[in-house]
Amino acid sequence: ACIQYFNAIISAYQPPLPEGWGGVTVQSPRLLFIVGMPRSGTSLVEQMLDSHPEVQAAGELPLITQFVESLPSILNTTHPYPECVAEVNREVVEGFARQYLDQVAGLSGGKRYVVDKMPGNFRFLGLIQAMFPESRVIHCRRDPLDTCLSCYFHEFNASQNYSTELDDLGLFYQGYRKLMEHWGRVLSLPVFDLQYEALVRGTEEVCQNLLRFCGLEWDQRCLQFFDNRRDVGTASHEQVRKPIYAHSAGRWKSYRKHLEPLKAALARPWPAG
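Positions within a chain are numbered from 1, following the residues in the order the chain's sequence is written. Restriction of local features to residues with pLDDT of at least 70 applies here, the model being predicted, together with a cutoff of 80 or more for giving and counting side-chain atom pairs; totals for whole chains, interfaces and linings are based on all residues. Processing note: side-chain calculations cover all non-hydrogen atoms of the structure and skip hydrogens and water entirely.

**A word on unusual backbone geometry**
Then step 1. Cis peptide bonds are those with omega within 30 degrees of zero, and the linkage from Pro 15 to Pro 16 qualifies with 0°.
Then step 2. Secondary structure follows DSSP: runs of H or I at least 4 residues long count as helices, runs of E at least 2 residues long count as strands, and numbering of each begins at the N terminus. With respect to the helices, strands and loops of the structure, Pro 16 is situated in the loop between α1 (2–12) and β1 (30–36).
Then step 3. Look at the link from Tyr 81 to Pro 82: it is a cis peptide, with omega at 10°.
Then step 4. Mapped onto the elements, Pro 82 comes out in the loop between α3 (63–75) and α4 (90–105).

**As for the pairing of β1**
Then step 1. Here's how the labels work: a residue is buried when its accessible area is under 20% of the maximum for its type, exposed when over 50%, partly exposed in between, all with a 1.4 Å probe on protein chains only. Across the seven residues that make up β1, a large majority, six, are buried.
Then step 2. Note on pairing: two strands pair once DSSP finds at least 2 bridges between them. Across four bridges, β1 lies against strand β3 (residues 113–116) in parallel orientation. Directly across from Leu 32, in β3, lies its bridge partner Val 115.
Then step 3. Inspection of the sheet shows β1 paired to strand β4 (residues 136–141) by five bridges, in the parallel sense. Opposite Val 35, over in β4, you have His 139 as the bridge partner.

**A short note on the nonpolar core**
Then step 1. The definition of a nonpolar core used throughout is a set of buried Ala, Val, Leu, Ile, Met, Phe, Trp, Tyr and Cys residues joined through side-chain atoms within 4.5 Å. Leu 71, Tyr 81, Tyr 100, Leu 125, Leu 127, Met 131 and Trp 183 are the most contacted members of the largest nonpolar core, which has 57 residues in total.
Then step 2. Going through the elements one at a time, α1, β1, α3, α4, α5 (125–131), α6 (144–153), α7 (166–186) and α10 (260–267) are the ones with two or more residues in this core.
Then step 3. In terms of residue count, α7 provides more of this core than any other element does, nine residues in total.
Then step 4. Between two residues, a contact is recorded if the distance between any of their heavy atoms is within 4.5 Å. Look past the residues within four positions of Tyr 81 in its chain and what remains in contact with it is Tyr 13, Val 68, Leu 71, Pro 72, Arg 123, Phe 124 and Leu 127.
Then step 5. Val 206, Cys 207, Cys 214 and Leu 216 belong to the second-largest nonpolar core, a separate cluster that totals 27 residues.

**Some points on the pattern of salt bridges**
Then step 1. Counted as salt bridges are all cases of a side-chain nitrogen of Lys or Arg within 4 Å of a carboxyl oxygen of Asp or Glu. Scanning the entire structure with this criterion turns up six salt bridges.
Then step 2. Here Glu 94 ties to Arg 90 by a salt bridge, and the two come within 3.3 Å at their closest N and O atoms. Linking Glu 94 with Arg 90, this pair stays in helix α4, spanning four residues, or about one helical turn.
Then step 3. Judged by relative accessible area, Glu 94 falls into the partly exposed class, the value being 24%.
Then step 4. Given a relative accessible area of 41%, Arg 90 falls into the partly exposed group.
Then step 5. We note a salt bridge from Glu 181 to Lys 178, for which the minimum N-O separation is 3.8 Å. Residue Glu 181 and its partner Lys 178 are both found in helix α7; the two are separated by three residues, about one turn of the helix.
Then step 6. For Lys 178, a relative accessible area of 33% translates into the label partly exposed.

**Some thoughts on the confidence of the model for the protein chain**
Then step 1. A residue's pLDDT is the predictor's confidence in that residue, given on a scale from 0 to 100. Averaged over all residues, the pLDDT of the protein chain equals 87, while 86% of them reach at least 70.
Then step 2. By mean pLDDT, α6 is the weakest element of the protein chain at 87, and β4 is the strongest at 98.

**Describing the environment of Gly 126**
Then step 1. For Gly 126, the location among the structural elements is in helix α5.
Then step 2. Looking at Gly 126, the relative accessible area reads 6%, which means it is buried.
Then step 3. Residues in contact with Gly 126, not counting those within four places in the same chain, are Tyr 13, Trp 21, Trp 183 and Leu 187.

**Points about the packing of α6 against α7**
Then step 1. Across the interface, α6 lies against α7 with an axial gap of 10 Å and an inter-helix angle of 130°. Looking at the two axes, α6 sits oblique to α7. Considering only the axes of α6 and α7, their crossing is right-handed. Here α6 contributes Pro 144, Thr 147, Cys 148, Cys 151 and Tyr 152 to the contact with α7, which in turn contributes Leu 166, Leu 169, Tyr 173 and Arg 177.
Then step 2. When its residues are assigned to classes, the contact of α6 with α7 shows seven nonpolar, one polar and one charged. The angle between two axes is taken between their N-to-C directions and runs from 0 to 180 degrees, where each axis is a line fitted to C-alpha atoms and a helix contributes only its stretch in contact. Throughout this description, any angle smaller than 35 degrees is read as roughly parallel, any larger than 145 degrees as roughly antiparallel, any in the 65 to 115 degree range as roughly perpendicular, and the remainder as oblique. For a crossing to be left-handed, the near helix must be turned anticlockwise from the far one by less than a right angle; the clockwise case is right-handed. Amino acid classes used here: Ala, Val, Leu, Ile, Met, Phe, Trp, Tyr, Cys and Pro are nonpolar; Asp, Glu, Lys and Arg are charged; the rest, including Gly, are polar.

**So, the sheet that holds strand β5 (residues 191–195)**
Then step 1. Read across the sheet, five strands follow the order β2-β3-β1-β4-β5 without closing on themselves; strand pairing throughout is parallel. A single partner strand is all that each edge strand has here, and the edge strands are β2 (55–57) and β5. When strand polarity is set aside, the average angle formed by the axes of neighbouring strands in this sheet is 25°.
Then step 2. Set on the sheet, α4 makes contact with β1 and β3; between it and β1 the angle comes to about 95°.
Then step 3. Where helix α9 (residues 203–214) meets the sheet, it contacts β1, β3, β4 and β5, and its direction lies at approximately 165° from that of β5.

Written out as C-alpha cells, the structure is:
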C-alpha cells in the first residue's frame, strides 16, 4: 500500500502540471511550511523560527490533510486522491487557499509570518504550490537510520502505523525520499534543505541561512530558542526547552546489531509505478 500510494502521487504530478490552478499569490501572513519525516528536527526548527519577533508558529495544522481528504466529495468524483488531482480546477484551489488563510490569520497573532509545521505535508507539496506559489518550504532532513530509529522508539498514533516495524519504516522512508526527489524535479516552490547534523554542528550559520531564505532579518533570539515558553504539543516538547546537543546524532550505532531489517529496506531498489 505504501509503494502504491507514493507512486500514485508521483504519477499524478507529472509535468506539465495542471494548467490554470492559479492559487493565491498575495498572502497575508506569509506562509512557511516545515516538512519532513517525523523526528527529523522539525520541532527544533519551528521553535527557532517562532523565537523571531516577526514569526508565529501555528503548530501542526491538519488543514491541508483535511482538504485532501475532502477533495473527492468537493469534485463529486469517485476517484480518490491522488488520482482525482487531474479533475482539480482553479475555483477549488482558490476556495481552499482562502479558507486556509482565513483560519491561519486567526492564529498569526498579528505577525508577518506563520509557520505550519505538519511534517507529513511533504506528501502534498504539489497542492501547496498550487494554492500558495509564494510560500516557502523548509525540508528537515536527518540521517535515515537515526530518523527511523527515533520513529520506532516513539509511540505515534494510528496514522503513523508504518513506524511499528523496522522494515515498514525503511519502506516508508524510501517512499518519502523518492517523493521529495520528484518534487525537486517538477515544482518551482522554493525549498530549503535543512540537515539536522549540520544544524547541530554549526547552529548559528545554518540559522542565518534559514532566516535569509525566509526573507527575515537576523535576530539573535533565534539562537536562544530554548528560552521560548510557547506550548509545544509534539513529542519533542522537552528537547526544545534545552540548548542544542549533539548526542542524538549517530544514536543508531548503539543498536546496529538490531537494525538489519531497516538497513535492508533502506537499501532495496524502489519499485517503479
